[in-house]
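Observations on chain architecture
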Amino acid sequence: MAIRHFLTLLDLSPDELRYLIQRAISIKNGLKTHGPTYTPFANRTLAMIFEKSSTRTRVSFETAMAQFGGHALFLSSRDTQLGRGEPIGDTARVLSEMVDAVMIRTFSHQGLEQFASASSVPVINALTDDYHPCQLLADVMTWTELRGSVKDRTAVWIGDGNNMCHSWINAARQFDFRLRICCPEGYEPRQDILDAAGDRVSIVRDPHAAVADADLITTDVWASMGQEEEQAKREADFAGLQVTEALLDHAREDALFLHCLPAHRGEEISETLLDDPRAVVWQEAGNRLHAQKALIEFLLLGHVDS
């Protein structure tokens, strides 16, 4: 089987992505019923390179490999030769001789692409400054579990046109739903990513108009990792875009709320929003484990009968 990487949602076809969502749900249900008895990865190793801090990403990938009978190897930039200036391609070639797959959580998407181009084992994007595709697998899985097919539905992104927003745009293309983006002037997503999505994606400045009759609302922190010095300015620029229970009342009655976490209560969301039954963020966070299991399985083994 040819080596496949997962750097953005566009690296897989829509059919492959739909397969992953259904496979993740199947894996999750099997785990609930039988426990971690499916262990296809005996003696297989996933290298996990972290240049950005993480809770959900590290725990979900490490647990996924353990439950699949394999091993996850944590590598921080402080502990590797990458942190001392070894060329990205050299590190990729070395790891390709030793491990079965590599997961990278880093800043530069271009650096990730360089790593993947030199790697002879699958490379997974666990977050860059431009994209966060693994989170979208969990998000679409959660939406599908609770509401069925997402095709032709409407999602709303409220906040910065950041890496999460970019991946939501790609998800709208691949899963064929509509996406409204509600962001302040000057915080729009990258124009080329927006243009590629065509009329599936629109920018709506007023949050009440954006969420009207929407099936799903999602947001993220106003200042991402590396933007902490912009916190005060961003709080001022994003004033009025806080997601509250009252704002969700303008969406469909069965609308869901997602957040990739960690959340800053009292900033991008109200203090009590995560206690609202429409907020399904804990299920969403847990689904990182199952969606990533399906992804690793697909990249190493291909399609598996459910």
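Residues numbered from 1 in each chain as written. Predicted model: local features only at pLDDT ≥ 70, side-chain atom pairs only at ≥ 80, totals over all residues. Heavy atoms only, no water.

As a reminder of what qualifies: UniProt positions are given in the numbering used here, feature names are shortened, and annotations may be inferred rather than shown by experiment.
Per an unreviewed UniProt entry, the recorded name for the chain is Ornithine carbamoyltransferase, and the organism is Halomonas saccharevitans. What UniProt records for the chain under Catalytic activity (unreviewed entry) is the sentence "carbamoyl phosphate + L-ornithine = L-citrulline + phosphate + H(+)". Per UniProt, the chain carries the Pathway (unreviewed entry) text "Amino-acid biosynthesis; L-arginine biosynthesis; L-arginine from L-ornithine and carbamoyl phosphate: step 1/3."

A few points about the sheet that holds strand 2 (residues 71-76)
Rule in force here: The pairing criterion is simple: DSSP has to find at least two bridges between the two strands. In this text, helices come from DSSP runs of H or I with a minimum length of four residues, and strands from runs of E with a minimum of two, each type numbered from the N-terminal end. Angles here are taken between N-to-C directions and fall from 0 to 180 degrees, while the axes themselves are lines fitted to C-alpha atoms, restricted in helices to the stretch in contact.
Reading across the sheet, the four strands line up as 2-1-3-4 and stay open at both edges, with parallel pairing between neighbours. Of all strands in the sheet, those with a lone pairing partner are strand 2 and strand 4 (123-125), marking the two edges. Geometrically, the sheet is characterised by an average inter-axis angle of 20° between neighbouring strands, direction not taken into account. Relative to strand 4, strand 3 (residues 101-105) runs parallel, the two being bridged by three bridges. The residue of strand 4 that forms the bridge with I104 is N125.

As for the side chain of K28
In plain terms, the rule: For each residue, the accessible area found with a 1.4 Å probe, counting protein chains only, is set against the maximum for its type, and the residue is called buried under 20%, exposed over 50%, and partly exposed in between. In what follows, residue pairs with any heavy atoms lying within 4.5 Å of each other are defined as contacts.
Mapped onto the elements, K28 comes out in helix 1 (residues 14-34). Taking the relative accessible area as the measure of exposure, K28 reaches 9% and is therefore buried. In contact with K28, other than residues within four places in its own chain, are M141, E145, Q283, N287 and H290.

Concerning the nonpolar core
What counts is decided by this rule: Residues grouped as a nonpolar core are buried Ala, Val, Leu, Ile, Met, Phe, Trp, Tyr and Cys residues, joined through side-chain atoms within 4.5 Å.
Residues F6, W168, F177 and L179 are the most contacted members of the largest nonpolar core, which totals 62 residues. Ranked by the residues each element gives to this core, the list is headed by helix 11 (residues 281-301), at eight residues. When residues no more than four places from it in sequence are discounted, the contact partners of F177 are W143, V150, D152, R153, A155, W168, A171, A172 and R200.

Re the environment of D254
On the secondary structure map, D254 appears in the loop between helix 10 (245-248) and strand 9 (256-259). Given the relative accessible area of 30%, D254 is considered partly exposed. Taking the C-alpha atoms as reference, D254 lies 9.8 Å from D213; in sequence the two are 41 residues apart. With near-sequence residues (within four places) excluded, D254 lies in contact with R147 and D215.

Notes on the pairing of strand 6 (residues 178-182)
Going by this rule: Whether a crossover is right-handed depends on one test, that the path from the first strand over the helix to the second runs clockwise when the strands point away from the viewer.
Where strand 5 (residues 154-158) and strand 6 come together, five bridges link them in parallel fashion. Note that in strand 6 the partner of W157 across the bridge is I181. Pairing analysis gives three bridges linking strand 6 to strand 7 (residues 201-203), with the strands arranged parallel. Of the residues in strand 7, the one forming a bridge with L179 is V201. With helix 7 (residues 191-197) bridging strand 6 and its parallel neighbour strand 7, the resulting β-α-β unit is right-handed.

Remarks on the sheet that holds strand 8 (residues 216-219)
In spatial order, the strands read 7-6-5-8-9; together these five strands make up an open sheet with parallel pairing. Looking at which strands have only one partner, the edges of the open sheet turn out to be strand 7 and strand 9. Sheet twist, expressed as the average angle between the axes of neighbouring strands with direction ignored, equals 20°. With four bridges connecting them, strand 5 and strand 8 associate as parallel partners. From the neighbouring strand, A155 faces strand 8, where its bridge partner is L216. Taken strand by strand, helix 6 (residues 163-175) contacts strand 5, strand 6, strand 7, strand 8 and strand 9, and its axis lies near 155° from that of strand 6.

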